[in-house]
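# Observations on the model geometry
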Amino acid sequence: MTPRELADRICATLRQSGHQAYLVGGCVRDLVLGREPADYDVSTDARPERVQQLFPRSLAVGAKFGVILVLEEGIAEHGAQVEVATFRSDIGYSDGRHPDRVVYSDSPQEDVRRRDFTINGLMMDPATREVLDFVDGRADLRAGIVRAIGDPRLRFAEDKLRMMRAVRFAARFAFQIEPETLAAACNLAAQITQVSTERIREELTKLLTEGAARRGFELLDEAGLLAIILPDIARMNGVEQPPQFHPEGDVWIHTRMMLEMLQANCSPTLAWGVLLHDVGKPPTFSPAAGPGTRIRFDGHVEVGARMAENICRSFRFSNEDTEQIESLVANHLRFKDVHQMRQATLKRFVRLPKFEEHLELHRLDCLSSHRNLDAYNFVQQFLAETPPNQVRPPRLVTGNDLKDMGMRPGPRFKEILLAVEEAQLDGRFSDRQSALEFARSIGRT
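Residue numbers run consecutively from 1 along every chain, following the written order of its sequence. Note on the predicted model: pLDDT of at least 70 is required for a residue's local features to be given, and 80 or more for side-chain atom pairs to be given and counted; whole-chain, interface and lining totals, by contrast, use all residues. With hydrogens and water excluded, all non-hydrogen atoms of the structure serve as input to the side-chain values.

On to the overall build of the protein chain, then. Elements are defined by DSSP. Helices are runs of H or I of four residues or more, strands are runs of E of two residues or more, and each kind is numbered from the N terminus. Check the secondary structure of the protein chain and you find 24 helices and 11 strands. Our radius of gyration is a C-alpha quantity, and the globule rule it is checked against amounts to 2.2 Å times the number of residues to the power 0.38. Relative to a compact globule of 445 residues, whose C-alpha radius of gyration would be 22 Å, the protein chain shows 28 Å and is clearly more extended. Its C-alpha atoms give the protein chain principal-axis dimensions of about 90 × 60 × 40 Å. A simple rule labels every residue: compare its accessible area, found with a 1.4 Å probe on the protein chains alone, to the largest value its type can have, and call it buried under 20%, exposed over 50%, or partly exposed in between. For the protein chain, with 445 residues in total, the buried portion stands at 50%. Contact criterion: two residues are considered in contact whenever any of their non-hydrogen atoms come within 4.5 Å of each other. A separation threshold of at least 6 residues defines the contact pool for the protein chain, and within that pool the share at least 24 residues apart is 63%. We get accessible surface area from the Shrake-Rupley algorithm with a probe of 1.4 Å; when it comes to residues, only the shown protein chains can shield them. Accessible area of the protein chain: about 21,100 Å², with a carbon and sulfur share of 48%. By the counting scheme adopted, Arg and Lys are positive, Glu and Asp are negative, and His together with the chain ends is not counted. One atom stands in for each charge, and that atom is NZ of Lys, CZ of Arg, CG of Asp or CD of Glu. The positive charge centre, built from 58 side chains, and the negative charge centre, built from 64, are 4 Å apart in the protein chain.

Now the structure itself:
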């Protein structure tokens, strides 16, 4: 059963039981736009306990706010699921996210008025596909406008993250943010810090991976949110670069050009790596000192890697994602040396975890600057022509082998094993006997 089929069945069951029930929110918006919704939500006048009576296979994920998650029957996991919310009004938002209390309602109009944007305030009768529009959402969809329902200052005060959601919807659909809604975001931008770092991180990741990252970050900047959320990124603006390597312009222009080329549904770590790859340039900027000199960013890779790690820690990324994003920043300039690398060094380089992300970041970096893809093509050819067992050959010598030679375990063990692997990767030998003889010879020095 698809989510749409489950949503239709839920609406039919509720209506047969004497209740109102409609598809609501983003799924209706997407259907009106001719897009396939990612998920479906249902709104009803049935109270939460009644919803659970009608649908025993359900979870009270937000019963305090009238939200029940109905699951597809007979499916243990990965089945369709739909959120069913009772019509309500929200009273007070002391924490800037959740209503202090809710008042259930029998009116779909009243339920819509508590929602964020007009384009998300549409309801649909699933049987007739008739759209209920109490907030002129269809007109804003036709005009390409993201507009808060009612007073935008009140909507943003209720949940500060809505300011970022306005940006993301405008970027995703190539819409404009309605002037009063944008002005309210600008006035309240400093309050975004009241939102948890995890929620901000998730919103930023969606912005980076939905296929309109450049527009999204330009709108974040226009709304005054970028300087609050990511001040190190905002500082890129106006930081000049040497024109012989970066004819496109400053660091912010270069970064936005890379963001523009990110594909929808790209890897989140790649997207964050693109955003942060030059984060070390503003603090390491050194202007040209005179004729024959140029702008420099000495140490910007090392500085940037540390900054990227700190940013990831502040946003509470997982350790795995933090390590990958830091690695993307730390290694992004190594491609300029691939033609001169020893075989062992090159093989170790392409063995970096998720190397395809390093390669793609480098490609975008080149296309957004000098457009020279020689290093990219060289690595692609190397990977195509080099068998995997040569890039990651089996280990020929172990610590036990060194013990059998009479060597004592210690720091020297690691040095010998590394030297053996380096020689093997360089192609000096490929058989175990030669490797043992090599280990024995360097073990005597």
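A few words on the side chain of Glu 422. Tracing the backbone through its elements, the reader meets Glu 422 in helix H23 (residues 411–425). By relative accessible area, which is 17% here, Glu 422 ends up buried. For Glu 422, the contacting residues outside a window of four places in its chain are Arg 342, Ala 344 and Arg 348.

The pocket and cavity definitions rest on a 1 Å grid over protein atoms only: a 1.4 Å probe that fits but cannot leave marks a cavity, an open set with protein on both sides within 12 Å along at least five of seven lines marks a pocket, and residues lining either have an atom within 4 Å of a point. Grid points are joined across faces, edges and corners, and a volume is the space filled by probe spheres set on the points. Of the voids in this model, the second largest pocket is the one considered here, and its volume is about 780 Å³. Sorting the residues of the lining of the second largest pocket by element identifies helix H16 (300–314), helix H19 (355–367) and helix H20 (374–385) as the ones contributing at least two each. Each residue receives one of three labels: charged for Asp, Glu, Lys and Arg, nonpolar for Ala, Val, Leu, Ile, Met, Phe, Trp, Tyr, Cys and Pro, and polar for the others, Gly being one of them. Residues of the lining of the second largest pocket, tallied by class, amount to nine nonpolar, nine polar and 10 charged.

A few words on the environment of Val 135. Within the secondary structure, Val 135 is located in the loop between strand S9 (131–133) and helix H5 (137–143). Beyond its immediate stretch of four places on either side in the chain, Val 135 contacts Val 112, Thr 118, Gly 121 and Ile 149.

What follows deals with the nonpolar core. Among buried residues, those of type Ala, Val, Leu, Ile, Met, Phe, Trp, Tyr and Cys that are joined through side-chain atoms within 4.5 Å constitute a nonpolar core. Core analysis: the biggest nonpolar cluster contains 92 residues, and Phe 217 and Leu 230 have the highest contact counts within it. The element best represented in this core is helix H7 (residues 162–173), accounting for eight residues. Beyond its immediate stretch of four places on either side in the chain, Leu 230 contacts Leu 204, Phe 217, Trp 272, Leu 275, Ile 311 and Phe 315.

Here strand S2 (residues 41–44) runs beside strand S5 (residues 81–86); their pairing, made up of four bridges, is parallel. Bridge assignment links Thr 44 to a residue of S5, and that residue is Thr 86. Of the strand pairs in this sheet, strand S4 (residues 67–71) and S5 are connected by five bridges, and their pairing is antiparallel. Each bridged residue has a counterpart across the sheet, and for Val 70 the counterpart in S5 is Val 82. Note on pairing: two strands pair once DSSP finds at least 2 bridges between them.

For the rest of this paragraph, the subject is the state of the cysteines. Note on terminology: pairs of cysteine sulfur atoms within 2.5 Å are recorded as disulfides. Applying the stated rule across the entire model yields zero disulfides. Its sulfur unpaired, Cys 11 is 8.8 Å from the next cysteine sulfur, which belongs to Cys 27. The class for Cys 11 is buried, based on a relative accessible area of 1%. The structure places no disulfide on Cys 312, whose sulfur is separated from the nearest cysteine sulfur, that of Cys 266, by 15 Å.

Before going further, it helps to examine the side chain of Thr 284. Checked against the element boundaries, Thr 284 lands in helix H15 (residues 281–284). Leaving out residues up to four positions away in the same chain, Thr 284 has contacts with Arg 296, Phe 297, Asp 298, Gly 299, His 300 and Val 303.

Moving on to helix H17 (residues 319–331). One less than the residue count of a helix, multiplied by 1.5 Å, gives the span that helix is expected to have. An ideal rise of 1.5 Å per residue puts 18 Å on 13 residues; H17 measures up with 18 Å between its terminal C-alpha atoms. Residues of H17 that are buried: Thr 322, Gln 324, Ile 325, Ser 327, Leu 328, Val 329 and Asn 331. Residues of H17 that are buried in the fold lie against helix H14 (268–276), H16, helix H18 (343–350) and H19.

This part is about the sheet that holds S4. Here we have seven strands laid out as an open sheet, ordered S3-S4-S5-S2-S1-S8-S9, and mixed in their pairing. For this open sheet the edge positions go to strand S3 (58–62) and S9, each flanked by a neighbour on one side alone. Pairs of neighbouring strands in the sheet enclose a mean axial angle of 35°, with direction left out of account. Geometry is summarised by axes, namely lines fitted to C-alpha atoms with helices restricted to the contacting stretch, and by angles between N-to-C directions that run from 0 to 180 degrees. Docked against the sheet, helix H1 (residues 3–16) engages strand S1 (21–24), S2, S4 and S5, running at close to 155° with respect to S1.

To continue, consider the pairing of S1. Alternating residues of S1 divide into Ala 21 and Leu 23 and Tyr 22 and Val 24, and every residue in both groups is buried. The pairing of S1 with S2 spans three bridges and is antiparallel. What sits directly across from Ala 21, in S2, is Thr 44. The pairing of S1 with strand S8 (residues 122–124) spans two bridges and is classified as antiparallel.

Within 6.5 Å between ring centres, the rings of Phe, Tyr and Trp (the latter by its six-membered ring) count as paired, and their orientation is classed by plane angle as stacked under 30 degrees, edge-to-face over 60, tilted in between. Tallying each qualifying case throughout the model produces 11 aromatic pairs. On the numbers, 5.6 Å between centres and 50° between planes, the contact of Phe 429 with Phe 438 is tilted. Each member of the pair, Phe 429 together with Phe 438, is buried. Clustering of aromatic rings is evident, with ring pairs tying together Phe 117, Phe 156, Phe 169, Phe 173 and Phe 175. Positioned above the aromatic ring of Phe 317 is the side chain of Arg 201, whose terminal nitrogen or guanidinium carbon lies 5.7 Å from the ring centre. In this scheme, Lys NZ or Arg CZ marks a charge over a ring once it lies within 6 Å of the ring centre and within 35 degrees of the ring normal.

Direction vectors running N to C along H18 and H20 enclose 90°, while the axes themselves pass 12 Å from each other. When the interaxial angle is binned, H18 and H20 end up roughly perpendicular. Contacts from Gln 343, Leu 346, Lys 347 and Val 350 in H18 reach Phe 378, Val 379, Phe 382 and Leu 383 in H20. Tallied by class, the residues present in the contact of H18 with H20 amount to six nonpolar, one polar and one charged. Roughly parallel means an angle under 35 degrees; roughly antiparallel, over 145; roughly perpendicular, 65 to 115; everything else is oblique.

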